[in-house]
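What follows is the residue order along each chain.
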Amino acid sequence: LQNMKDQVTQASTNGGWVILTFHHICSNIGAANCQADQSVTPATFNAFASWLKTYSQTASNKTTVKTIDQTVRQYKGSSYPAYQNAVKVPDTPPAPVGVNALSNPSLETTNAGTGFPDCYQPAGWGQNTATWSSTNDASTGVKAESLDVTGYVDGDAKLMPMMDLGTCSPSVVPGRTYELRTAYKSTAISQFALYYRDAAGFWYYWTSSPWFGASSTWADASFVTPPAPANATGVSFGLALIQNGNLITDDYSFVDPGSGTMSIASAKAVGAQSAQLSAAAKADPGARRIGTARPPVTLTKRVHSHVRPYLPGGAKVRPGTRVLPPVVTTGKG
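Keep in mind that this is a model prediction, so the values were computed, not measured.

Moving on, we get to a nonpolar patch on the surface. Judged by side-chain polarity, V18, L20, F22 and I25 come together as a nonpolar surface patch covering roughly 290 Å² of accessible area. Checked against the element boundaries, L20 lands in the loop between helix 1 (2–14) and strand 1 (24–25). Take L20: its relative accessible area is 34%, and that puts it in the partly exposed class.

Helix-helix packing is characterised by the crossing angle of the two axes and by the distance between the axes. Remark: helix 1 packs on helix 2 (residues 42–56), axes separated minimally by 10 Å, with the N-to-C direction vectors making an angle of 20°. It follows that helix 1 is roughly parallel to helix 2 by the angle criterion. The two elements helix 1 and helix 2 meet at a crossing, and its hand is right-handed. Only T44, F48, W51, L52 and Y55 of helix 2 make contact with helix 1, whose side of the interface consists of M4, K5, V8, T9 and S12. Looking at the contact of helix 1 with helix 2 residue by residue, the class counts come to 6 nonpolar, 3 polar and 1 charged.

With respect to the secondary-structure elements, S106 resides in the loop between helix 3 (68–76) and strand 3 (120–125). For S106, a relative accessible area of 15% translates into the label buried. Polar side-chain contacts of S106 include one of 3.1 Å to the side chain of E108. A polar side-chain atom of S106 sits 3.4 Å from a polar atom in the side chain of D251.

It is worth spelling out unusual backbone geometry at this point. Not every positive phi belongs to a glycine, and N104 is a case in point at roughly 55°. Among the secondary structure elements, N104 is positioned in the loop between helix 3 and strand 3. The phi dihedral of L107 is positive, around 60°, even though this residue is not glycine. Tracing the sequence through the fold places L107 in the loop between helix 3 and strand 3. On the accessibility criterion, L107 (1% relative accessible area) is buried.

Bringing the packing of aromatic side chains into the picture now. As enumerated under the stated definition, the model contains 15 aromatic pairs in all. Look at Y178 and F254: their rings are 5.0 Å apart centre to centre, the planes differ by 15°, and that puts the pair in the stacked class. One end of the pair, Y178, is in the loop between strand 6 (156–161) and strand 7 (179–186); the other, F254, is in strand 12 (residues 245–255), and 76 residues separate them in sequence. By relative accessible area, Y178 is classed as buried at 3%. Take F254: its relative accessible area is 1%, and that puts it in the buried class. The interplanar angle of 25° and the centroid separation of 6.0 Å between the aromatic rings of F237 and F254 together place this pair among those described as stacked.

Looking now at the nonpolar core. Judged by nonpolar contacts, the single largest core of 37 residues is most densely connected at F192, F237 and F254. Looking at which element gives the most residues to this core, the answer is strand 11 (residues 234–241), with 4 residues. With residues up to four places along the chain from it excluded, the contact list for F254 reads V99, N100, A101, L102, P170, V172, Y178, E179, L180, V235 and F237. Ranked by size, the runner-up nonpolar core spans 10 residues in total, among them M160, W203, Y205 and V323.

Checked against the element boundaries, V89 lands in the loop between helix 3 and strand 3. According to the relative accessible area criterion, V89 is partly exposed, its value standing at 47%. For V89 and G166, which are 77 residues apart along the polypeptide, the C-alpha to C-alpha distance reads 9.9 Å.

All right, on to the environment of Q35 then. Inspection of the secondary structure puts Q35 in the loop between strand 1 and strand 2 (39–40). A sequence separation of 11 residues divides Q35 from H24, and the C-alpha atoms of the two residues are 8.0 Å apart.

A few words on the confidence of the model for the chain. Put simply, the chain has an average pLDDT of 82, and 80% of its residues get 70 or more. The lowest-confidence element of the chain is helix 4 (residues 264–283), averaging 42 in pLDDT; the highest-confidence one is strand 12, averaging 97. This stretch, residues 260–300, has a pLDDT under 50; its non-local contacts, to residues over four places away or in other chains, come to 58 contacts. Low pLDDT, under 50, characterises residues 328–333; the stretch is placed with 13 contacts to residues that sit more than four places away or in other chains.

The next subject is helix 2. For helix 2, with 15 residues, the first-to-last C-alpha span of 21 Å sits near the 21 Å given by 1.5 Å per residue. Of the residues making up helix 2, those classed as buried are F48, L52 and Y55. Looking straight down helix 2, one finds that the buried residues subtend no more than 65° of arc, so they occupy a single side. Facing away from the buried surface of helix 2 by more than 90 degrees, the exposed residues are A43, K53 and T54. Among the structural elements, helix 1 are those in contact with the buried residues of helix 2.

How each quantity is defined
Residues numbered from 1 in each chain as written. Predicted model: local features only at pLDDT ≥ 70, side-chain atom pairs only at ≥ 80, totals over all residues. Heavy atoms only, no water. Patch = residues over 30% accessible without salt bridge, like charges linked within 9 Å, V, L, I, M, F, W, Y side chains within 5 Å. Areas by Shrake-Rupley, 256 points an atom, 1.4 Å probe, with all protein chains shown as cover. Salt bridge = Lys/Arg side-chain N within 4 Å of Asp/Glu carboxyl O. Helix = DSSP H or I, 4+ residues; strand = E, 2+ residues; numbered from the N terminus. Buried < 20%, exposed > 50% of the residue type's maximum accessible area, 1.4 Å probe, protein only. Axes fitted to C-alpha atoms, helices over the stretch in contact; angles between N-to-C directions. Parallel < 35°, antiparallel > 145°, perpendicular 65-115°, else oblique. Left-handed = near helix turned anticlockwise from the far one by under 90°. Contact = heavy atoms within 4.5 Å. Nonpolar A, V, L, I, M, F, W, Y, C, P; charged D, E, K, R; others polar. Polar contact = N/O pair within 3.5 Å; in protein donor to acceptor, adjacent residues only side chain to side chain. Phe/Tyr/Trp six-rings, centres within 6.5 Å; stacked < 30°, edge-to-face > 60°. Core = buried A, V, L, I, M, F, W, Y, C linked by side-chain atoms within 4.5 Å. pLDDT = per-residue confidence, 0-100. Expected span 1.5 Å × (residues − 1). Arc of directions from axis to C-beta.

Structure (structure tokens):
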């Protein structure tokens, strides 16, 4: 509350236009739908609004409170455009069978605004510290993404296709199964965490894959999804580091293999295979799925972020739990 008051009083003293934006007004600060860095409690908001009304009514404070719409309309006058109802952006059609649906799959292009690979975002949950770096120790091309996790107590950290309305996150057909892959090197156990988007733009936790063991050479982590949920329109996923250690990822892939909907018998077979793989990884954390020895390369890192949205997954969160509010923009980054 005091910080918000200071923003106003400093503007009153120094002059200027201060824009205060409130994303969420909610009481359960820290929950997935009430992020600590984007939320304010009703009590704090109401206290600030009451104070601001009294403060602005004192002429000597030289403070006027308006919405951005009112301010812009004041200066543009008759040239201010009339309000138009929003037009829904058409859904991005799913990629053809056998085609990688991801943009920038080899992570070669970097978003200048975020420092992360274009069309990708960092995410995670729990008590741990994630440090992200760009590295030239790549599976293909000249760039890959390196993640270091320290202070691990629980949760995970992962790089994921941007959770948007289809510019970066691949579209899916309900009931179909998909194959996702990521090339990786790791000093610790990892696993895929999957999320899906519904028609309203909300994102939900979907499921997680078996564990993948550590690998000192490039290996392929692959997973065949269960049938996409009935209300799913898009998907995002990430190979999550679930221990202290280093994980380097490259060559992301999300493909409709053309198998159509999965039969109950096939789904049970995939489930049994997943259980076997998970058990094997637990029994032998050093085991890896697929590995190909490569010549050594010079490792160059550039640390660019410690931030990540709170995106839970795994045994502590039930499938279908909403993790993000609806997406309102399709722009990259």
